[in-house]
Amino acid sequence: MLKGRKILLCVTGSIAAYKAVILVRLLTKAEAEVKIIMTTAAMDFVSPLTFSTLAKNKVLSNLFDQETWANHVMLGRWADAMLIAPASCNTISKMANGICDNLLQATYLSATCPVLIAPAMDEDMWHHPATKRNINLLKQYGHTILPVNDGELASGLTGEGRMAEPEEILQFLERFLSGKLSLAGKKILITAGPTYEPIDPVRFIGNHSSGKMGISIANEFAARGAEVTLILGPSSETVPANVTTIKVTTASEMFDAFFNYFDKSDITVMAAAVADFTPDNIALQKIKKNGDELALKLKNTKDILSKAGEMKTHKQVLVGFALETENEKANALKKLHNKNADLIILNSLNDNGAGFGHDTNKISIFNRNGDEQLFEKKSKKEVATDIVNAIINFKNE
């Protein structure tokens with residue numbers, strides 16, 4: 001699938017540069033034509049001779065060589081894709097801020113081809129607000145950020161920041177260049193996770209949602225090239241770097257965050273387990289035990305799905321979730337029509353391995369005609385694929 005494709009691989013100063021050697025080997029085996037730019041820092045980790053031998057092309061590095069100065073513009077026009085792998089924290093910062101002090105940056109700033117970025121750094125650097133800002137800027141520029149992996153890091157710590165494996169990058173590049181990113185340019189809005197409704201400064205009302213299903217759906221949409229925004233309640237699950245995540249805690253916060261993005265979305269999937277009730281009054285201090293009972297007065301939370309159903313246009317697709325324990329189909333269809341959704345995805349807590357906290361799920365999908373698609377129990381990643389396929393099929397009807 002990469003035969004004859006022109007790949008401009010840019011290698012920066014990171015221990016993950018050794019993975020780029022494997023990536024070059026995979027690209028050449030796939031019969032891609034590979035040209036390589038290395039920063040000076042990258043040469044401290046891997047020899048240019050290694051790359052030039054594998055790619056059968058001279059490695060380019062010096063902006064001021066007479067041979068390369070005139071070529072930096074043409075490199076970004078020659079390539080079908082410019083891939084920065086590994087992309088160090090320093091290079092990501094330079095790209096985000098338009099700094100042009102080496103051949104890689106000069107080529108990047110004049111490139112007309114798609115740009116794909118595979119970050120590699122320590123976890124603390126990856127989570128630093130400055131890095132998050134720079135990643136978001138690069139997304140706004142229209143570049144594709146490959147997800148980082150969670151695992152052992154060069155520092156000896158374990159966490160997020162590992163560059164994607166060469167095989168993963170190759171597969172992503174194949175999908176990207178073969179046009180399988182069918183949702184490129186589409187804006188997707190997803191809610192996921194629980195909400196926590198405070199009783200006092202230390203206690204809350206919540207549920208067992210982990211956010212796994214919604215995050216899997218977000219990941220599937222992003223893998224197909226969509227621009228994904230995820231409104232995420234309290235969750236410890238890892239979210240892919242190519243998904244813009246807005247973290248909230250309460251139903252009210254989710255409502256406000258959601259409607260900052262809803263009118264701009266093409267497809268909305270509401271997978272969050274939003275609390276239906278919240279305490280009428282929140283104690284300012286921790287409630288002390290006083291007697292044998294504590295009475296809480298609850299009030300309804302704002303209904304996000306219902307409001308979205310009122311506001312949506314004919315160009316938007318609105319998908320809801322229904323988690324039921326009895327009269328599952330009837331209750332799901334009632335919710336579908338009452339909330340003016342286009343599709344409803346039914347979970348039943350009566351199905352083993354479905355619902356909150358599991359790595360698997362079992363779903364049914366209903367449309368407004370009452371037609372049902374029934375699926376077997378699968379991993380949530382596979383379920384996400386089924387859901388996205390069903391939504392695309394609905395849009396194409």
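Residues numbered from 1 in each chain as written. Predicted model: local features only at pLDDT ≥ 70, side-chain atom pairs only at ≥ 80, totals over all residues. Heavy atoms only, no water.

Trainee: Lay out the overall build of the chain in plain terms, naming residues and giving numbers.
Mentor: The secondary structure content of the chain amounts to 14 helices and 21 strands. At a minimum sequence separation of 6, the contacts of the chain that also span at least 24 residues come to 67%. Roughly 19,400 Å² of accessible area belongs to the chain as shown, and the carbon and sulfur atoms make up 48% of that amount. (Helix = DSSP H or I, 4+ residues; strand = E, 2+ residues; numbered from the N terminus. Contact = heavy atoms within 4.5 Å. Areas by Shrake-Rupley, 256 points an atom, 1.4 Å probe, with all protein chains shown as cover.)

Trainee: Outline the nonpolar core, supporting the account with residue identities and numerical values.
Mentor: Judged by nonpolar contacts, the single largest core of 35 residues is most densely connected at L9, V11, L27, I36, F51, I169 and L173. Among the secondary structure elements, those contributing two or more residues to this core are strand 1 (6–11), helix 1 (17–29), strand 2 (33–38), helix 2 (48–55), strand 3 (81–87), strand 4 (115–119) and helix 9 (166–177). With sequence-adjacent residues up to four places away left out, L173 is seen in contact with L2, I7, L27, A81, L83 and L116. One finds M213, A218, F221 and I392 within the second-largest nonpolar core, a separate group that totals 34 residues. (Core = buried A, V, L, I, M, F, W, Y, C linked by side-chain atoms within 4.5 Å. Buried < 20%, exposed > 50% of the residue type's maximum accessible area, 1.4 Å probe, protein only.)

Trainee: Break down the sheet that holds strand 20 (residues 372–374) for me, with residues and values.
Mentor: Within the open sheet, the eight strands sit side by side as 12-11-8-13-16-17-19-20. Their pairing is mixed. Pairing within the sheet leaves two strands with one partner each, and these edge strands are strand 12 (243–247) and strand 20. With direction set aside, neighbouring strand axes in the sheet form an average angle of 15°. Two elements, strand 19 (residues 363–367) and strand 20, share three bridges in a ladder whose sense is antiparallel. (Pairing = 2+ DSSP bridges. Axes fitted to C-alpha atoms, helices over the stretch in contact; angles between N-to-C directions.)

Trainee: Now, about the pattern of salt bridges: what can you tell me, with residues and values included?
Mentor: Within this structure, the stated rule accounts for 11 salt bridges. Between K19 and E165 there is a salt bridge, with the nearest N and O atoms lying 2.9 Å from each other. With a gap of 146 residues between them, K19 in helix 1 and E165 in the loop between strand 7 (158–162) and helix 9 connect regions that are remote in the sequence. One network of salt bridges, in which partners are shared, links K19, R162 and E165. (Salt bridge = Lys/Arg side-chain N within 4 Å of Asp/Glu carboxyl O.)

Trainee: Requested: an account of the pairing of strand 13 (residues 267–270), with residues and values cited.
Mentor: The two faces of strand 13 match: I267 and V269 on one face and T268 and M270 on the other face are all buried. The sheet contact formed by strand 8 (residues 187–192) and strand 13 spans four bridges and is parallel. Each bridged residue has a counterpart across the sheet, and for I190 the counterpart in strand 13 is V269. As judged from the four bridges shared by strand 13 and strand 16 (residues 317–324), these two strands associate in the parallel manner. Counted as the bridge partner of T268 is L318 from strand 16.

Trainee: Break down the packing of helix 5 (residues 89–97) against helix 8 (residues 129–140) for me, citing the residues and quoting the values.
Mentor: Where helix 5 contacts helix 8, the two axes come as close as 9 Å, and the packing angle between them is 50°. When the axes of helix 5 and helix 8 are compared, the pair comes out oblique. As for the relative orientation of helix 5 and helix 8, their crossing is left-handed in sense. Contact residues: helix 5 offers C89, I92, S93, M95, A96 and N97, while helix 8 offers T131, R133, N134, I135, L137 and L138. Its residues assigned to classes, the contact of helix 5 with helix 8 shows seven nonpolar, four polar and one charged. (Parallel < 35°, antiparallel > 145°, perpendicular 65-115°, else oblique. Left-handed = near helix turned anticlockwise from the far one by under 90°. Nonpolar A, V, L, I, M, F, W, Y, C, P; charged D, E, K, R; others polar.)

Trainee: If you had to explain the packing of aromatic side chains to someone new, which residues and values would you point to?
Mentor: This structure, assessed with the given rule, holds five aromatic pairs. Between the aromatic rings of F258 and F262, the centroid separation amounts to 5.3 Å while the plane-to-plane angle is 20°, which identifies the pairing as stacked. Taking relative accessible area as the criterion, F262 reaches 2% and is therefore assigned buried. A network of ring pairs unites the aromatic residues F255, F258, F259 and F262 as a single cluster. When the ring centre of W78 is taken as origin, the NZ or CZ atom of K35, which lies over that ring, is 4.5 Å away. (Phe/Tyr/Trp six-rings, centres within 6.5 Å; stacked < 30°, edge-to-face > 60°. Lys NZ or Arg CZ within 6 Å of the ring centre and 35° of its normal.)

Trainee: So what's going on with a nonpolar patch on the surface? Which residues, and what values?
Mentor: Taken together, the side chains of I15, Y18, I22 and F45 make up a nonpolar region of the molecular surface, amounting to roughly 390 Å² of accessible area. In this fold, I22 is placed in helix 1. (Patch = residues over 30% accessible without salt bridge, like charges linked within 9 Å, V, L, I, M, F, W, Y side chains within 5 Å.)

Trainee: I'd love a proper account of the side chain of H143, names of residues and values included.
Mentor: Looking at the element boundaries, H143 is found in the loop between helix 8 and strand 5 (144–145). Classification of H143 as buried rests on a relative accessible area of 16%. A distance of 2.8 Å separates the side chain of H143 from the side chain of Y108, its partner in a polar contact. For H143, the residues in contact, after removing those within four places along its chain, are Y108, V115, I117 and L138. (Polar contact = N/O pair within 3.5 Å; in protein donor to acceptor, adjacent residues only side chain to side chain.)

Trainee: Provide a residue-level description of the environment of V274, including the pertinent values.
Mentor: Here V274 is to be found in the loop between strand 13 and strand 14 (277–279). Each C-alpha atom of the pair V274 and G206 lies 8.8 Å from the other, and the pair is 68 residues apart in sequence. With residues up to four places along the chain from it excluded, the contact list for V274 reads T195, A251, M254 and I304.

Trainee: I'd like to hear about unusual backbone geometry, residue by residue, with values.
Mentor: With the exception of glycine, most residues fall at negative phi, and the peptide bonds are largely trans. Residues A85 and P86 are joined by a peptide bond in cis, for which omega reads 0°. Secondary-structure assignment places P86 in strand 3. Of note, K56 is a non-glycine position whose phi angle comes to about 60°, a positive value. Look at N340: it is not a glycine, yet its phi comes out positive at around 60°. The topology assignment puts N340 in the loop between helix 13 (328–338) and strand 17 (343–348). For N340, a relative accessible area of 30% translates into the label partly exposed.

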